[in-house]
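A look at the structure
If you want the building blocks of each chain, they are given just below.
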Amino acid sequence: MRLVADGITPTSRLVLVEDLETDDGHAFELANPLFLAVGDRIGFEGGRLVVVRAGGDRLTPAGGWSTRCGLRAGRRR
C-alpha cells in the first residue's frame, strides 16, 4: 500500500507498518511493527518518523534509515 508521509494526509484504513520505502531506494525500518489507525498522519521531522494520531497524540517510533538495492523477494512490478 502506498502511504503519503507528508504529515497532512490521513490514512484511510488500518495498516500494519514494518518499514516505509521511498521512491529513491531508501527505507525507514521500524524497530517494532506499528499499527496506523484510520485518520493517523505520518511524516518525517529531522530524519525521524513522526505519527500524529487522529486524536492529536504524537509518537516518534524507534527505527533507522537503510538503503534498498533491487526488488524485494515476492514484490510485484
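It should be noted that the structure appears before, not after, this text.
Residues numbered from 1 in each chain as written. Predicted model: local features only at pLDDT ≥ 70, side-chain atom pairs only at ≥ 80, totals over all residues. Heavy atoms only, no water.

A few points about the sheet that holds strand β2 (residues 26-36)
Read from one edge of the open sheet, three strands run β1-β2-β6, paired in antiparallel fashion. Whereas interior strands pair on both sides, the edge strands pair on one side only; in this sheet they are β1 (15-21) and β6 (63-67). Here the average twist between neighbouring strands, direction ignored, is 25 degrees. Sheet topology places β2 next to β6; five bridges connect them, and they run antiparallel. Each bridged residue has a counterpart across the sheet, and for A27 the counterpart in β6 is S66. (Pairing = 2+ DSSP bridges. Helix = DSSP H or I, 4+ residues; strand = E, 2+ residues; numbered from the N terminus. Axes fitted to C-alpha atoms, helices over the stretch in contact; angles between N-to-C directions.)

Here's the deal with the packing of aromatic side chains
For the structure on display, the rule yields three aromatic pairs. Ring geometry for F28 versus W65: centroids 5.5 Å apart, planes at 75 degrees, classification edge-to-face. Of this pair, F28 sits in strand β2 while W65 sits in strand β6, and the two are 37 residues apart along the sequence. On the accessibility criterion, W65 (41% relative accessible area) is partly exposed. An aromatic cluster is built from F28, F44 and W65, whose rings are joined through pairwise contacts. (Phe/Tyr/Trp six-rings, centres within 6.5 Å; stacked < 30°, edge-to-face > 60°. Buried < 20%, exposed > 50% of the residue type's maximum accessible area, 1.4 Å probe, protein only.)

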